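Analysis of the macromolecular model
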Amino acid sequence: MCRWAAYIGHPCYLEDIVTRPDHSLIRQSIHANEAKTATNADGFGVAWYDSRPEPGLFRDTYPAWSDANLRSITAQVRSPLFLAHVRASTGTATSRNNCHPFAVGRWSFMHNGQIGGFENFRRRADMLIPDELYHQRKGATDSEVLFLLGLVEGLDDDPKLAMEIAVGILQRMSQDKGTTPHMRIAAAFSDGETLYAIRYASDDHAPTIYHRWSASRRGRAVVSEPLFTDQPGWEAVPPGSFCTFRGDQASIRPFEPPL
């Protein structure tokens, strides 16, 4: 299982989330507290927004804790909205194209979880991506397919409905040709203006998501695990939830894929 962290609010340095907290994303890449796999060493990535609608993207295959370029970039880049991810592969190769976040146009997307037995129906899932979007299928992960199917189903128009349809399609495929657990997802994604998150599973083990608003920082962190071990104010997102974060507002609604 991977670990991730996202931020939306008054611009801050990426290092304030990625490297500096005592349980930062870098620390979680070495020793996660609430993941099936404590070490997340199969690559990393960050996507950040600034003055252009498309996000900047930096990904590599090294363990996040050992990459000096990552520390340098996070110490220099300030952003009002960014996503950061450390990867623990569930079977696909360690390659840059398989590292999260993924980006298409103004959208960025990252995922922690799995789609059970995806390798048994990957070709069928890939065939659902239309020709005009298939050139964005650059890696081999189930996460990238989920993102691209969300775009196919109308992410621009209705993010919640689009992701419910996409998750439902892949969960039904897993139930037909895959293995259990059929679907576990903790995802964060953004269009550069709003931060969205999903926590959902086909069983009782949805991967964790927490969020916290900081009045002093004027921003919100949305994370796999709290960034400070003894800091109050972290709220757990309930399983089966779709979250919308913008400004100081947080909306959490039921996430109900059609099955």
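Below you will find a few notes about this structure. If you're wondering where the values come from, they're calculated on a predicted model, not measured in any experiment.

1. Quick notes on the overall build of the protein chain
Summing up its helical and strand segments, the protein chain has 7 helices and 13 strands in all. Computed over its C-alpha atoms, the radius of gyration of the protein chain comes to 17 Å, within 12% of the 18 Å expected for a compact globule of 259 residues. By its C-alpha atoms, the protein chain is 50 × 35 × 35 Å across when sized along the principal axes. The burial tally for the protein chain puts 57% of its 259 residues in the buried class. Of the contacts formed within the protein chain by residues at least 6 apart in sequence, a portion of 65% connects residues at least 24 apart. Accessible area for the protein chain stands at about 11,000 Å²; split by element, carbon and sulfur atoms hold 45% of it.

2. Thoughts on the sheet that holds strand β6 (residues 107-115)
The strand order across the open sheet built from 6 strands is β5-β6-β7-β8-β12-β13, with neighbouring strands paired in antiparallel fashion. For this open sheet the edge positions go to β5 (102-104) and β13 (249-254), each flanked by a neighbour on one side alone. This sheet shows a mean twist of 15° between the axes of neighbouring strands, independent of strand direction. On top of the sheet, helix α6 (residues 142-152) reaches β5, β6 and β7 (183-190); it is set at about 130° to β6, its chief contact.

3. Examining the packing of aromatic side chains
Taken as a whole, this structure holds 12 aromatic pairs when the rule is applied. Members of the aromatic cluster, connected to one another through ring pairs, are Trp107, Phe109, Phe147, Phe189, Tyr196, Tyr200, Phe242 and Phe255. Between the NZ or CZ atom of arginine 78 and the centre of the ring of tyrosine 13, over which it lies, the distance is 5.4 Å.

4. As for the nonpolar core
By size, the foremost hydrophobic cluster in this structure holds 33 residues, and its most contacted members are Leu170 and Phe189. Those elements that provide at least two residues to this core are β5, β6, α6, α7 (159-177), β7 and β8 (195-201). No other element matches the 7 residues that α7 contributes to this core. Leave out the neighbours within four places in its chain, and phenylalanine 189 touches Leu83, Trp107, Ser108, Phe109, Leu155, Pro159, Met163, Thr194, Leu195, Tyr196, Ile198 and Phe242. One finds Tyr7, Val46, Leu70 and Trp234 within the second-largest nonpolar core, a separate group that totals 23 residues.

Cut-offs used in this document
- Residues numbered from 1 in each chain as written.
- Predicted model: local features only at pLDDT ≥ 70, side-chain atom pairs only at ≥ 80, totals over all residues.
- Heavy atoms only, no water.
- Helix = DSSP H or I, 4+ residues; strand = E, 2+ residues; numbered from the N terminus.
- Rg over C-alpha atoms; globule rule 2.2 N^0.38 Å.
- Buried < 20%, exposed > 50% of the residue type's maximum accessible area, 1.4 Å probe, protein only.
- Contact = heavy atoms within 4.5 Å.
- Areas by Shrake-Rupley, 256 points an atom, 1.4 Å probe, with all protein chains shown as cover.
- Pairing = 2+ DSSP bridges.
- Axes fitted to C-alpha atoms, helices over the stretch in contact; angles between N-to-C directions.
- Phe/Tyr/Trp six-rings, centres within 6.5 Å; stacked < 30°, edge-to-face > 60°.
- Lys NZ or Arg CZ within 6 Å of the ring centre and 35° of its normal.
- Core = buried A, V, L, I, M, F, W, Y, C linked by side-chain atoms within 4.5 Å.

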